[in-house]
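For reference, the chains in residue letters:
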Amino acid sequence: MNKNKLISLLVLLFFSISAIHAQDNAKEKAAIKKLLDLAAIDFGDSKYDSALEHSKKALIRSFTIDDHLLIAQSYNTIGAIFNECSESGKAIEFYNKALAYNEKVGNDKMYNWIYSNLGSVYYFNEIDIPKGIDYYKKALPYAVKNKDTAQIQYTKLNLASAYFALDQYDLGNQQINDIKEQILAKGDEESKMSLYHLLGIYASNNNLKDKGEAYFKVAETIAKKNGFDPFLVNIYENFVRHYTLHNELGKAQLFQQKMDSLNKVLYSTSKIDNLKKAANQIELQEYKIQLEKIEDQNEKHQKSLKESKLVVILFIVILIILLLLLLTLYKNVKLREQANQELTEANEALKEAKEKAEEASRLKSQFVSTITHELRTPLYGVIGITNIITDEHRELANSPHLKSLKFSAKYLLSLVNDILQINKIEEKRVVLENLIFNLTDEITTIHNSVEYIAEKNNDKLIVEIDTAIPEFLIGDKLRLSQIIMNLVSNALKFTKNGEVALTADLKRIVDKTYYIEFKVRDTGIGIAKEDQAKIFEKFVQIERKEEDYQGTGLGLSIVSRLVELFNSEIHLESEENVGTTFTFTIGFEYDEEKSREIINNIEVDLSDAHLYNILVVEDNKINQMVTKKIIQSNNMSCTIVDDGYAAIVALERERFDLILMDINMPLINGFETTRKIREKGIQIPIIALTAFDKQEVTEEAISAGMNDIMVKPFEPSKLFQVISNNVKNRESVD
C-alpha cells in the first residue's frame, strides 16, 4: 500500500467514524425526546410516578451525550412534576438546574418555560407571590420573541391569577382583556377553562355573585370533560371561597368535601413518598455521572503524563528546528533590509527622475503652446495680407511669388498644427467628438483639396465609396478627414505618372455600429522592408534616392495615433517600385432618428444682408489691419481698440453687436476684460480671437463669460458664420 492510498484510507475512516458517531448521536437525541414526550403525557394524565421515571431516564441519557439543552428540558420536566405534587423546594432546585444548563445554550423557548414554571412555584405555593410575578414577566418577552401564541396566553393568565391573589383585580383584569377574545376564538380547552376560572374569580370579588358562579361552572364542566383533575382541585377551592364570601356555607362545605376527596386521589401519601425517593435517586445518579466524568478525566490525565516525555523530546527537537529557522529568518531579514534600503534608494532616484520627466513634459507642453502661439500670430498676418493683396490687386492673382508666399505660409501653419496635434495626442488631450457627417461629402472635399497635387504629378486619383454605407454617420469627421488627407496626400507625393485609389467598403454591422474599411492604394515608389517598421515613428523620413521630398515626418505618426483613438489599427503592405497600400477599419454609429434630430437642430444662415457693428480688441497692428479688412469685406463695420480698458470705454460710448477679443494683450488680458464687461451687466456676445490652442483656453474662456472661440489663422467664411450665429442667438434671447 503506497502513502497516498494510506492517507486516503485514514481520511475515509475518520469521516466514516464521524458520520457513524453523528448518526448514533441523532438517534439518541430522538430517543431522549421520546422519553420526555411520554413524561408529558403521563403528567397530563396525573401519572406522576411514571412521568418521573421517564424524565429520570431522559436526564441520565442526556448527561451521557452531554447535550445541555436536553439536560435543561429533563430538569424542567422533573421540576414541574415535583411542583404539581407540592414539593416546591425540590421543584425550585430542579428549575434552577434547568436554568443553569439552558444558559449554556441560550434557548429562548426554554427560557420561557423555565421562568414561567418558577413563577408558578412561587405563586401557586404562596412562597413569594411578587417574586412569582417577576418570573412571569421575565418569561413573557421570550414568548413574544418566539411568536408563541399559546405561551403568551398562559403567561398572561398566570399573571392575572397572581395579581388576583394580591387583590390587584384591575391589574389582573388588564392581562385577561389582552387575550380574552383570542382565547375564546382560537384557544384550546385548557386555556378556555383557565380563562373562565379567572373571570369567575374577578366577578366573585366584584360582588357579581351569579356571574361568578356561572363562570366557575363553565370552568368545572371543561375540566371534568377533559380530565383536568389537578385544575379541578383549584376550581373547587375557588367555589369554596366564592360561597363563603357570599354566605352560602352549605354549598361551600359541599365543594370542600369534593376538593378533599380529589386531593386524596391525586396526592396520596405513597405517591409523595415515591417522589421523595425518586428525587434522592436522581441526585445519586447525578453524583455518579459526575464521578464517572472525574474518573475518566483522571484516566486521560494519567495517559497524558505517560505521553509527556515523548512530547518533551519532540518539543526539544522542534525547538532546535525553530532556532535554526529563526537564525535563517534573521539572515533573510538582514538581507531583505539591505535589499529594501537599495530599493528605497532606487525608488528615490526613480521618483526624482519622474519629477524631472514631469517637469520636462510640462516645460515641453508650455514650449509647444508658446511657440505655436508665437508662430500663428505672424502667420495670421502673412496669410491675411496675402489675401488682401490678392483682393486689391486682381492683376497679381496669378503671381508665382504671391502663390509661393501663400503656400509657404500655409505649409508653415500645417507644420505648426502637426507639432501641436502630436503633442496633444501624446498627452492624451485629444477626445473624439460625435458629430453627424456625410462620408461622401468629406471624401469629396479631400479629393478637391489634393487634386492639384495629382495634376502636378500627372496622377490619376480614384475614389470608390460603397453604396451600402448610410448617407449620414455619427463620429469624429475632423479626425477621420485628417487621417485620409495625410494618407492620400502622402500617396500622391510619392507617385508620379501613376494611380492613387481611395476606397471605403462596409465590412460588417454590429447593432448600430457600421464598420467601414478604408484603403489608400498607390502605384508609387513603395517602401523598403527594412523601413516599414519605423515609418509611423515621429520625425522619421525614409531616404529617397531620386528626389528630395520635403516634410516633417509627422504625418504618418499622427495617422497611426489617430487610428488608435478610434480603437483600430492601421496596416501597411508595400513593395519597392510596385506601390503601397494602407488599410484601417473604423466603426461609426448610424441612427436614422438621431441623425434627423441633429440635422433639424443645425442652424443655417440663409442671409448675408446683416450689417453688424463689431468691436475688435487687438494690440497687434498687423492683425488689426487683417481683421478689419476681413470684416469690412463682408459689409460690416468695425472699431479697433488696442487694449481691454479702451474696449470698456468704447462700450460706454457706442453700441456694438459683437466683440472680437484677443486674449494675450498688455495691461489687461482678454479674460479679465471679459469679466469686467460682464460685471457691468453688458451681455454682448464676445468671441475670443486667439493663436493659442482651443482646448487650452476653452475652460477659462467660458468661466470668464466668453461665448465662442476662433483660433487664428481662420477662414473668413467661418468667422462670418460664428458672428452671425452668436448675434442671432443674442437677439432671440432679447
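Description of the pairing of strand β9 (residues 637–641)
Here comes step 1: In terms of strand pairing, strand β8 (residues 613–617) meets β9 through five bridges, oriented parallel. Its bridge partner being in β9, V616 is matched across the sheet by I640.
Here comes step 2: Regarding the hand of the β-α-β motif, the stretch spanning β8, helix α20 (residues 621–632) and β9 is right-handed.

Quick notes on empty space enclosed by the protein
Here comes step 1: Tallying each qualifying case throughout the model produces one cavity of 30 Å³ or more.
Here comes step 2: By volume, the largest cavity is sized at about 40 Å³.
Here comes step 3: As for the largest cavity, its lining consists of I443, I446, H447, L461, V463, V488 and L502.
Here comes step 4: Tallying contributions element by element places helix α15 (residues 439–456) first for the lining of the largest cavity, with three residues.
Here comes step 5: Of the residues in the lining of the largest cavity, the class split is six nonpolar, one polar and no charged.

Re the pattern of salt bridges
Here comes step 1: Tallying each qualifying case throughout the model produces 26 salt bridges.
Here comes step 2: The salt bridge involving R61 is made with E28; its shortest N-O contact spans 2.8 Å. You can see R61 sitting in helix α2 (residues 48–65) and its partner E28 sitting in helix α1 (residues 3–44), a full 33 residues away along the chain.
Here comes step 3: Taking the relative accessible area as the measure of exposure, R61 reaches 32% and is therefore partly exposed.
Here comes step 4: The residue K209 makes a salt bridge to E248 at a minimum N-O spacing of 2.7 Å.

Let's talk about the sheet that holds β8
Here comes step 1: Ordered by their spatial adjacency, five strands build an open sheet running β9-β8-β10-β11-β12, and the pairing between neighbours is parallel. In this open sheet, the two edge strands, each paired with only one partner strand, are β9 and β12 (708–711). Looking at each pair of strands side by side, their axes are set apart by 20° on average, direction ignored.
Here comes step 2: Packing of α20 onto the sheet brings it into contact with β8, β9, β10 (658–662) and β11 (686–690), and relative to β9 it is tilted by some 165°.
Here comes step 3: Docked against the sheet, helix α24 (residues 716–733) engages β8, β10, β11 and β12, running at close to 170° with respect to β12.

A closer look at the nonpolar core
The tendency in soluble globular proteins is for nonpolar side chains to be buried side by side.
Here comes step 1: Counting residues in hydrophobic clusters, the biggest one holds 40 residues, and the most contacted among them are L439 and F584.
Here comes step 2: Going through the elements one at a time, α15, α16 (477–493), β4 (499–510), β5 (513–522), α18 (555–565), β6 (570–575) and β7 (579–589) are the ones with two or more residues in this core.
Here comes step 3: Top element by residues in this core is α16. It accounts for seven residues.
Here comes step 4: Contact partners of F584, with chain neighbours within four places excluded, come to L480, I483, I484, L487, I516, E517, F518, V563, E569 and I570.

What counts and how
Residues numbered from 1 in each chain as written. Predicted model: local features only at pLDDT ≥ 70, side-chain atom pairs only at ≥ 80, totals over all residues. Heavy atoms only, no water. Pairing = 2+ DSSP bridges. Helix = DSSP H or I, 4+ residues; strand = E, 2+ residues; numbered from the N terminus. Right-handed = clockwise from strand over helix to strand, strands pointing away. 1 Å grid on protein atoms, 1.4 Å probe; cavity = no way out; pocket = protein on both sides within 12 Å on 5 of 7 lines; lining within 4 Å. Points joined across faces, edges and corners; volume = space filled by probe spheres on them. Nonpolar A, V, L, I, M, F, W, Y, C, P; charged D, E, K, R; others polar. Salt bridge = Lys/Arg side-chain N within 4 Å of Asp/Glu carboxyl O. Buried < 20%, exposed > 50% of the residue type's maximum accessible area, 1.4 Å probe, protein only. Axes fitted to C-alpha atoms, helices over the stretch in contact; angles between N-to-C directions. Contact = heavy atoms within 4.5 Å. Core = buried A, V, L, I, M, F, W, Y, C linked by side-chain atoms within 4.5 Å.

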